[in-house]
Amino acid sequence: MTYKINSLEEYHQVYKQSVEKPEEFWKEQAETFEWIQPFSKVLNWDFEKPEVKWFEDGVLNITQNCLDRHVLTQGDQTAILWEPNDPNQKAQHYSYTQLLEAVCQCANGLKDRGIKKGDRVILYMPMVPALAVAVLACARIGAIHSVVFAGFSAQALCDRVDDAQASMIICSDVNHRGAKVIAVKEVVDRAMDLGCNSVETVLVYKNSTQEVNWSDDVDVWWHDIVEGQSKTCTAEPMNAEDMLFILYTSGSTGKPKGVVHTCGGYMVYTCYSFKNVFQYRPGDVYWCTADIGWITGHSYILYGPLLAGATTMMFEGVPSFPDAGRFWAICEKHKVNQFYTAPTAIRALMANGDAWPAKYDLSNLKVLGSVGEPINAEAWHWYDKHVGKGQAPIVDTWWQTETGGILISPLPGITDTKPTFASYPMPGVQAVLVDSDGNELTENNVEGLLCIKYPWPSMIRTTYGDHERCRNVYFSVFKGKYFTGDGARRDEDGRIRVIGRVDDVINVSGHRMGTAEVENAINEHPNVIESAVVGYPHAIKGQGIYAYIISAGMSLNEAFKKEIISTVVREIGPIAKPDKIQFVEGLPKTRSGKIMRRILRKIAAGDGENLGDISTLLNPEVVQSVKEGALV
Ligand code: WT7
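Attention in this report is confined to the structure presented alongside it. Note that the structure is a prediction, hence the values are computed from the model and not measured.

1. Side note on the packing of aromatic side chains
Alright, step 1. Scanning the entire structure with this criterion turns up 46 aromatic pairs.
Alright, step 2. Taking the centre distance of 6.2 Å and the plane angle of 75° together, the rings of Tyr-300 and Tyr-340 count as edge-to-face. With Tyr-300 in helix H10 (residues 295-307) and Tyr-340 in strand E18 (residues 338-341), this residue pair connects regions lying 40 residues apart in the sequence.
Alright, step 3. Classification of Tyr-300 by relative accessible area gives buried; the value is 0%.
Alright, step 4. Classification of Tyr-340 by relative accessible area gives buried; the value is 0%.
Alright, step 5. In textbook terms, an aromatic cluster arises when at least three aromatic residues are bridged by ring pairs, as seen for Phe-25, Trp-26, Trp-35, Phe-39, Trp-54, Phe-55, Tyr-269 and Tyr-272.
Alright, step 6. Seen from the ring of Phe-152, Arg-160 lies directly overhead, with NZ or CZ sitting 4.3 Å from the centre.
Alright, step 7. Over the face of the ring belonging to Phe-421 we find Lys-418, whose NZ or CZ atom lies 4.3 Å from the ring centre.

Structure follows, in structure tokens:
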């Protein structure tokens, strides 16, 4: 339900109740959904194990709540409004009825190919309605979807397929992004050559007239098995704690991990947070510009809005095509009311000048959202002034793949906004700051590490296939708390400003990357002996990728840099390309042989004069030469 609160004072009251009686609070939220079998228990939890169970004896199907429920009351209303990459192609409207029918047809097609409850299905698709249909079709039959952002390389795709032991990949023949046509099926073919032994079917959605290589053993056309299927399909009864999806995300060590979300809690929280953060009203057009390959797209293009019965827009293209006015042209064309994007996009559009948003009618915008990284004051003010015209509150929403939904955000019209502050925790979310020993900092005007000390329904349940990793990364750093990996400060009124990661995770254009992951990719180049990757402040991307490399006898020229970049593109994808590469003779290390990233971060940020005490290093002498060669 949407809160009928309209003042900060009332927010505090509701918040207090939600903390004092959390089970009652969430029970009330959960009861607004359709359950195939109602739950009798609200919560069971133990952060030591960790084990968290919400509504555990409840049985439901999330698609019944996203679709069937709304078909009864507003079947003709647009569920998905699709804006194609090519502005000359027509937008498409899928009503709730049409979407349900399409989902059922796809679900029946998947069943015909042997997909059943619990099977993993990888989706590697462009932002076309078929992607939404395929995600929901998996959920319809209880298959676990794992969407892989279509910008990842064949190797990265293969790693995820293998980790999930997926039995199917759903992809397109090609993707259209701006002026580019990307041969996606070819990437899948290469991934299949690299591994993917668990895959029995590659289901290909035809998105062009181009020919593709075909292997009759595994490849199947979408139109051959989906079209012509029955338009009804019984929703599989799912236990609230059955897995809904896996989404891979980067950590500070090793390969990306599969964050697991479950059916009941995720449903309750994404709907609750969507309604309250965006203050969606019937008839509004809501647009989140993310890709469904990231959690933002899962929770706030698909599930949250559809659960709330909203009209949610899906955009196939990019903000710069055909020109830097595209976002605003779309807002005008579809009379967008809520607009949700990332600071990196705002900064890039800001750099193109104020004239672009000024050309379009943006008067329908009521709420502006920001997500993915800290929004700097300049971008905040530009967004407010030139896009919102001072009339649309900015919700700076803090959350993570692991949290499933927005945990900290202003509530428009209810709580105030303050530039660069994500503000207050949502009612029901017990966010705290702790010092490095884990002591809770209860005062205001403090800086600390951001933790959550009580479960919320859409929290991570495990990392797929490796529960120990989940415990180590999130629950063992501070006893009894979920640790976010972020540092934050709280102002004198209790508003939270998230500063950024305190671990070896960097945030490049809102994309999360492990520095270790980028290093591993660079090290695949046969002439690289060792590398160290850090983030550095970047005017548009938020953070850029700075790589220090020790090479084995290659001439240190641009050609070698290009090879390193293509190695990274091959191993991970273009989003992980280093922005700067510095060849070094040595890397500063501790006596135990660990790379001192603190020093490298400072040098990359142009702050090499303030390194503090370096005398305890194993090799203090390398620091000077690293500083001298710095690319700042
Ligand atoms: C990390 C999570 C959540 C959807 C997109 C990113 C950073 C996210 C904010 C914000 C400051 C933010 C954090 C977080 N982050 N939103 N509003 N202000 N930082 O999801 O890829 O899982 O990354 O993004 O550092 O830990 P993700």
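2. Some remarks on the site of the ligand
Alright, step 1. Not every one of the 17 residues close to the ligand is listed here, only the nearest: Asp-396, Thr-397, Thr-401, Asp-486 and Arg-512.
Alright, step 2. Separating a nitrogen atom of the ligand from a backbone N or O atom of Gly-372 is a distance of 3.2 Å.
Alright, step 3. The separation between an oxygen atom of the ligand and a polar side-chain atom of Arg-501 is 2.8 Å.
Alright, step 4. Contact with the protein chains covers 95% of the free accessible surface of the ligand, which is 550 Å².
Alright, step 5. Considered class by class, the residues forming the shell around the ligand number six nonpolar, six polar and five charged.

3. As for the sheet that holds E18
Alright, step 1. Read across the sheet, seven strands follow the order E5-E4-E17-E16-E18-E19-E20 without closing on themselves; strand pairing throughout is mixed. Strands at the two margins of the open sheet, each flanked by one partner only, are strand E5 (92-95) and strand E20 (394-397). Within the sheet, the average angular offset between the axes of one strand and its neighbour, ignoring direction, is 20°.
Alright, step 2. In the sheet, strand E16 (residues 285-288) pairs with E18 via three bridges, with the strands oriented parallel. Within E18, the residue paired with Tyr-286 across the bridge is Gln-338.

4. Thoughts on the pattern of salt bridges
Alright, step 1. By the definition in use, this model includes 33 salt bridges.
Alright, step 2. Here Asp-159 and Lys-255 are joined by a salt bridge, their closest N and O atoms 3.0 Å apart. Of the two residues, Asp-159 sits in helix H6 (residues 154-164) while Lys-255 sits in the loop between strand E14 (243-249) and strand E15 (257-262), which places them 96 residues apart along the sequence.
Alright, step 3. We note a salt bridge from Lys-602 to Asp-607, for which the minimum N-O separation is 4.0 Å.
Alright, step 4. Overall, Lys-602 belongs to the partly exposed group, its relative accessible area being 27%.
Alright, step 5. Looking at Asp-607, the relative accessible area reads 29%, which means it is partly exposed.
Alright, step 6. Because the salt bridges share partners, they merge into one network encompassing Asp-416, Lys-418, Asp-491, Glu-492, Asp-493 and Arg-495.

The rules we used
Residues numbered from 1 in each chain as written. Predicted model: local features only at pLDDT ≥ 70, side-chain atom pairs only at ≥ 80, totals over all residues. Heavy atoms only, no water. Phe/Tyr/Trp six-rings, centres within 6.5 Å; stacked < 30°, edge-to-face > 60°. Helix = DSSP H or I, 4+ residues; strand = E, 2+ residues; numbered from the N terminus. Buried < 20%, exposed > 50% of the residue type's maximum accessible area, 1.4 Å probe, protein only. Lys NZ or Arg CZ within 6 Å of the ring centre and 35° of its normal. Near = heavy atom within 4 Å. Polar contact = N/O pair within 3.5 Å; in protein donor to acceptor, adjacent residues only side chain to side chain. Areas by Shrake-Rupley, 256 points an atom, 1.4 Å probe, with all protein chains shown as cover. Nonpolar A, V, L, I, M, F, W, Y, C, P; charged D, E, K, R; others polar. Pairing = 2+ DSSP bridges. Axes fitted to C-alpha atoms, helices over the stretch in contact; angles between N-to-C directions. Salt bridge = Lys/Arg side-chain N within 4 Å of Asp/Glu carboxyl O.

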